[in-house]
Amino acid sequence: MEKIKKITKALVSVYYKEGLDDILKALHADGVELVSTGGTQKFIEALGLPCEAVETLTGYPSILGGRVKTLHPKVFGGILARRDNEGDAAQTAQYDIPAIDLVIVDLYPFTETVASGAADDEIIEKIDIGGISLIRAAAKNYNDVVIVASMKQYAPLLKILQEKGARTTLDERRWFAKEAFAVSSGYDTAIFNWFDGEAGSAFRAAADGVNTMRYGENPHQKGVFYGDLEALFDKLHGKEISYNNLLDVDSALTLIDEFAEEYTFAVIKHNNACGIATRPTVKEAWEAALAGDPVSAFGGILVTNGTIDGAAAEEIHKIFFEIIIAPDYTPEALEILKQKKNRIILRRKEEAKAVITTQFRSLLNGVLKQERDLSIQQAADLESITDKKPTEREVEDLLFANRLVKHSKSNSITLVKNRQLCASGVGQTSRVDALKQAIEKARSFGFDLQGAVMASDAFFPFPDCVEIADKAGITAVVQPGGSINDQLSIDYCNQHGVAMVRTGVRHFKH
């Protein structure tokens, strides 16, 4: 038989009161007595509802500037007492401790205070003590007590109150307890990470927002995304976003953010750019990006840093793709792009472009964490190491190619001409193979590589790559340097009139 419990007394002490009034009125209507503190008590009384002050219950005032209000046996005894335990019942009767069946509490805004740049003293005061203790106590005793630890649980509680009054089942109480421990664990994680700073003494992470995927990387795998996609995008159209879509979307955004100055369009396939170009208009950028590999673009992820208008949408609409991401769309563009019912259209929120500075992944029996590669080379960072110096146009292309190779799977080579990807060789076990792959691909799509430039994500251990590139028409090369055989590649370039620059920064991506 389902263990149904009637709520007779509720402790309410919250920081955020939006949406609370309907719950309070429903509780009062069902005969539930309310106990509260400070501002929440005033809020309840302003609704015309009777409310007992915690100070009256405990016989003690709020002390230490509000640091101690609810930390008292008459509060925690009422929450933690096991209703079916004779010893607990005897003690609560002996000390006149009333049972508290519902706790509605939230926590001081610690993460928001840290994000505001507040001083340490202010941050410390936002470490909740009473609230977190109430949450843990009520959640532990879910057999008898309902715990509501966040505004996110207001709606489920109100639904219960409206449908069957102040009565809950064991399953419902256990669900609220689970949600409460999610709140408390995330809160403690944030506090630890603030204290730990850059020390990295332990790995702690917490993410809310469960998005269950249709499946993981493959149909036989389960997949879940934890995070708030709505904070990043407005989804304007299309089907559910998949696990693989999210991997490509992440690659698309980190790449396009490297090209903020002018209109740039990129096509992503399996986390690599198969086409990207910068042009005076979004339409021209799209056409040049598509030319980089019109075959691989099929089923790809499209991303641009400019508003998509009707003219651009007309051309984009001609191919099949999974997702398109842009800062905005004109009404005409949306009308065109929405003609395919499953096509996912995302409008990126400008305010959501906060830079993620760390990355981590699970492997073996632990977690691997690193600083994200945020190094972006500018013209001043290019060290010319050959007799021939790159032209102004070549420098522009070298920077373009170097940004692109940074976001390509290693070993990686990118070939660029006139701020357009001609081809890339990615994910190869040999740098020579990556280069050969790029050259063959560029030629298959009709690119003339004479005057193009080459970028490598890592150094050249031998001069074979620069020799192959030279014979294909490449006139300038950018690479990080660092090989004990650097001079061999430099010598070849000097002997054959190829310009080479060195950045000193390797861009491996695995």
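Just above sits the structure.
Residues numbered from 1 in each chain as written. Predicted model: local features only at pLDDT ≥ 70, side-chain atom pairs only at ≥ 80, totals over all residues. Heavy atoms only, no water.

What the protein contains, in helices and strands, is 18 helices and 23 strands. Its C-alpha atoms give the protein a radius of gyration of 30 Å, clearly above 24 Å, the size a compact globule of 510 residues would have. With the C-alpha coordinates of the protein rotated into their principal frame, the extents come out at 95 × 50 × 40 Å. Taken over 510 residues, the protein has a buried fraction of 48%. Contacts spanning at least 24 positions in sequence make up 57% of the contacts within the protein whose residues lie at least 6 apart. Only carbon and sulfur atoms are counted for the fraction: they give 52% of the accessible area of the protein, which is about 25200 Å². (Helix = DSSP H or I, 4+ residues; strand = E, 2+ residues; numbered from the N terminus. Rg over C-alpha atoms; globule rule 2.2 N^0.38 Å. Buried < 20%, exposed > 50% of the residue type's maximum accessible area, 1.4 Å probe, protein only. Contact = heavy atoms within 4.5 Å. Areas by Shrake-Rupley, 256 points an atom, 1.4 Å probe, with all protein chains shown as cover.)

Read across the open sheet, the 5 strands follow the order S4-S3-S2-S5-S6; overall the sheet is parallel. In this open sheet, the two edge strands, each paired with only one partner strand, are strand S4 (52-53) and strand S6 (146-148). Pairing between strand S2 (residues 9-13) and strand S5 (residues 102-105): 4 bridges, direction parallel. From the neighbouring strand, Ala 10 faces S5, where its bridge partner is Leu 102. Its contacts with the sheet place helix H2 (residues 38-46) against S2, strand S3 (33-36) and S4, and it is angled at close to 145 degrees to S3. (Pairing = 2+ DSSP bridges. Axes fitted to C-alpha atoms, helices over the stretch in contact; angles between N-to-C directions.)

Side chains of Tyr 15, Tyr 16 and Met 151 sit close together on the surface and give an oily, nonpolar patch of about 260 Å² of accessible area. Inspection of the secondary structure puts Tyr 15 in the loop between S2 and helix H1 (21-29). (Patch = residues over 30% accessible without salt bridge, like charges linked within 9 Å, V, L, I, M, F, W, Y side chains within 5 Å. Salt bridge = Lys/Arg side-chain N within 4 Å of Asp/Glu carboxyl O.)

This part takes up unusual backbone geometry. Put simply, Ser 410 and Asn 411 share a cis peptide bond, and its omega is -10 degrees. Turning to its location among the elements, Asn 411 is positioned in the loop between helix H15 (392-406) and strand S19 (413-416). Non-glycine residue Asp 96 carries a positive phi angle of around 55 degrees. Relative to the helices and strands, Asp 96 resides in the loop between helix H5 (86-94) and S5. One non-glycine residue, Arg 419, lies in the positive phi region at around 55 degrees. Assessed through its relative accessible area of 17%, Arg 419 is described here as buried.

A cluster of like negative charges, contributed by Asp 309, Glu 314, Glu 332 and Glu 335, occupies part of the molecular surface. Within the secondary structure, Asp 309 sits in the loop between strand S13 (300-304) and helix H13 (310-316). For Asp 309, a relative accessible area of 34% gives the class partly exposed. (Lys, Arg positive; Asp, Glu negative; His and termini not counted. Charge placed at Lys NZ, Arg CZ, Asp CG, Glu CD.)

Here the second largest pocket defines a volume of roughly 530 Å³. Together, 27 residues line the second largest pocket, and Gly 66, Lys 69, Tyr 108, Asp 128 and Gly 130 are the ones closest to its centre. In terms of residue class, the lining of the second largest pocket is made up of 11 nonpolar, 10 polar and 6 charged. (1 Å grid on protein atoms, 1.4 Å probe; cavity = no way out; pocket = protein on both sides within 12 Å on 5 of 7 lines; lining within 4 Å. Points joined across faces, edges and corners; volume = space filled by probe spheres on them. Nonpolar A, V, L, I, M, F, W, Y, C, P; charged D, E, K, R; others polar.)

Looking now at the sheet that holds strand S22 (residues 476-479). Ordered in space as S18-S23-S22-S21-S19-S20, the 6 strands form an open sheet in which the pairing is mixed. This sheet does not close on itself; its edge strands, each paired only once, are strand S18 (383-384) and strand S20 (421-425). As judged from the 3 bridges shared by strand S21 (residues 453-456) and S22, these two strands associate in the parallel manner. In the strand pairing of S22, Val 453 is matched with Ala 476. In this fold helix H16 (residues 431-444) packs onto S19, S20 and S21, with an angle of close to 145 degrees to the strand it touches most, S20.

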